[in-house]
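Fold and geometry: a report
Residue-level listing of the chains:
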Amino acid sequence: MKYRFLNNLIFVLRKMRDRSFVNVISLIHCVLKVASAYSFVVVVPYVSLAKKEGISQHEIFITLSIWILGIFIVRYINTCLENYLSVYYNDFRQSENRILLNSIMEISYEHLEKSEYLDAYQKALNALRRNFTGIEGMLRKFYELIVAVINLLISVVICSELDIRFIVIILIFSCLSCTVNLFSTKKKHDIKVAIAPKERYSNIISSMLLNLKYQVGFRRFHARTLMLNQYDEAINECVINENKGAKYELSVLSFSAILTVFQNITLYAVLLIALINGKIGVAEWILYTGVMGVMTGSISMLIKLLSDMRYDSVLVDDYRYFMENLLEKTYQKNDKRIKESLETASIIEMKRVSFQYPNANLPVIIDMDFKIYPGQHVAFVGINGAGKSTIINLISGLYTAQTGHIYLNGINVKNLDYAILSSQISVAYQDSAIFPLTIAENIAMLPQKSINMQKVIEIAKILEIDDFIKALPNGYETYLSKDIDSKGIFLSGGQMQKISIARALYIERYANYYIR
């Protein structure tokens, strides 16, 4: 716990270890920002001292012109670097999002039905959602922290030569500001944790309201009021909690602003006394005033950055908890599992298998035993909820039996890598899943360039949907969604069933078992 912040910072920086060019650009950006901070501070003292030394106005003008031109060049380069880094960070965030999305697809299916996993995923997503928070925020602020620290050190060295009271005043006000900001950070995270379930629910409803597939049902059953009420309930709770956080943060910012005002008044008073007593001249007073402005700004920035990074660290904690703890425990891939493909079909066997859904009062399957031999056609018949689909989900590895064993080709399915297991079983479910992809991609479930179109067309002909598909303007390239392409189409229930069967038949030549 004590070193969690540093551990999370190291975790974030390790993601940059293979990006040396970006690290160099970031460091150059830091150096130029430090130079920009002190660029105008020394101008007035230089003019004053130059006049005392008897340097001509023409020479002073040329020197200042070159100096100002250099400042504009530095700032222009800095702006270019900022734009480059913004593009990089955007790519970085997208790549991390892809890793997270890939991870949620690797997680055991039965765990996806548990709200604790989905809430943990929502919190992990918060660490990647915005530009200046979470992982990316911590990375950005680390380099800003370097700038603030260097600025502060330079200003402290300059001001310490004038009066040690500067340092004492700064330390007192800095400690007060840090204490206030620490409480603010904890409050922000508590609010995020509280609203995570409602935020996830509001996102689900929002996506449904934007999905044309659901719009038919909303209109047919007059469900608009119901869904909007559900959305309002979820989002209102989020807004109420966020408003509480905003009010608390406003009070913190107000208190910090008051502290800054008192700090500046005190520092200016010390400088004014030194000027009146003749310890410094007007040129030095202007120099120290400018340096003091940089110093107080650096302190405020340092406190804010540390507070924000502490909040970012908590978000990174949530991300790491999901990726390193929950995900590792529930991965279906395991190095110890068998990864070799099963060459021939053999017996599917259940031995004393029992299964109960989470939070259910009774098991749906109790001590089930059966064998299915190669070439057999078997039908599971029963009333709704009897466990027919559950048996299929157990065989195909979507669920894990609490007791008993399931064998495929004499091998316990628990010992089979999930990718191998799923490649052996071809399933066509009653509730057909149609994806916002092209017809060909929906059948083959592969990227367009990897699809065997001859195989797709053969299957479509067998199912008597080839003529229908070819009659479409884009044929097999037609999207089964209007959300992706305005020329996309919606299928009837029967057509969706045929696409689902076609999908199962496409992989059947690799599979040993076909389930419908």
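Residues numbered from 1 in each chain as written. Predicted model: local features only at pLDDT ≥ 70, side-chain atom pairs only at ≥ 80, totals over all residues. Heavy atoms only, no water.

**Re the nonpolar core**
In this structure, Val12, Leu100, Ile135, Tyr319 and Phe322 are the most contacted members of the largest nonpolar core, which totals 56 residues. Secondary-structure elements contributing two or more residues to this core are α1 (4-14), α2 (20-37), α4 (57-106), α6 (115-129), α7 (134-160), α8 (165-209), α10 (224-276) and α11 (282-330). Considering each element in turn, this core owes the most residues, 15 residues, to α11. In terms of nonpolar packing, the next biggest core, distinct from the first, is built from 23 residues, Ile443, Leu472, Ile501 and Ala504 among them. (Core = buried A, V, L, I, M, F, W, Y, C linked by side-chain atoms within 4.5 Å. Buried < 20%, exposed > 50% of the residue type's maximum accessible area, 1.4 Å probe, protein only. Helix = DSSP H or I, 4+ residues; strand = E, 2+ residues; numbered from the N terminus.)

**Observations concerning the pattern of salt bridges**
Inspection of the entire model under this criterion finds nine salt bridges. Asp317 is paired through a salt bridge with Arg4; the nearest N and O atoms lie 2.8 Å apart. With Asp317 in helix α11 and Arg4 in helix α1, the pair connects residues that are 313 residues apart, well separated along the chain. Accessibility expressed as a relative area gives 34% for Arg4, which makes it partly exposed. In this structure, Lys351 and Glu349 form a salt bridge, with 3.9 Å as the shortest nitrogen-oxygen distance. Each of Arg93, Glu136 and Arg140 takes part in salt bridges that share partners, so that together they form one network. (Salt bridge = Lys/Arg side-chain N within 4 Å of Asp/Glu carboxyl O.)

**Re the environment of Ser423**
In this fold, Ser423 is placed in helix α13 (residues 418-424). Overall, the relative accessible area of 27% leaves Ser423 in the partly exposed class.

**Points about the side chain of Asn8**
Within the secondary structure, Asn8 is located in helix α1. The residues contacting Asn8, other than those within four sequence positions of it, are Met138, Ser313, Val316, Asp317 and Arg320. (Contact = heavy atoms within 4.5 Å.)

**Remarks on the sheet that holds strand β2 (residues 365-372)**
Within the open sheet, the four strands sit side by side as β2-β1-β3-β4. Their pairing is antiparallel. Of all the strands in the sheet, just β2 and β4 (411-412) have a single pairing partner and so form its edges. Relative to β4, strand β3 (residues 403-408) runs antiparallel, the two sharing two bridges. Paired with Tyr407 across the two strands is Asn412, which belongs to β4. Against the sheet, helix α12 (residues 388-395) contacts β1 (348-355), β2 and β3, and its axis sits at roughly 115° relative to β1. (Pairing = 2+ DSSP bridges. Axes fitted to C-alpha atoms, helices over the stretch in contact; angles between N-to-C directions.)

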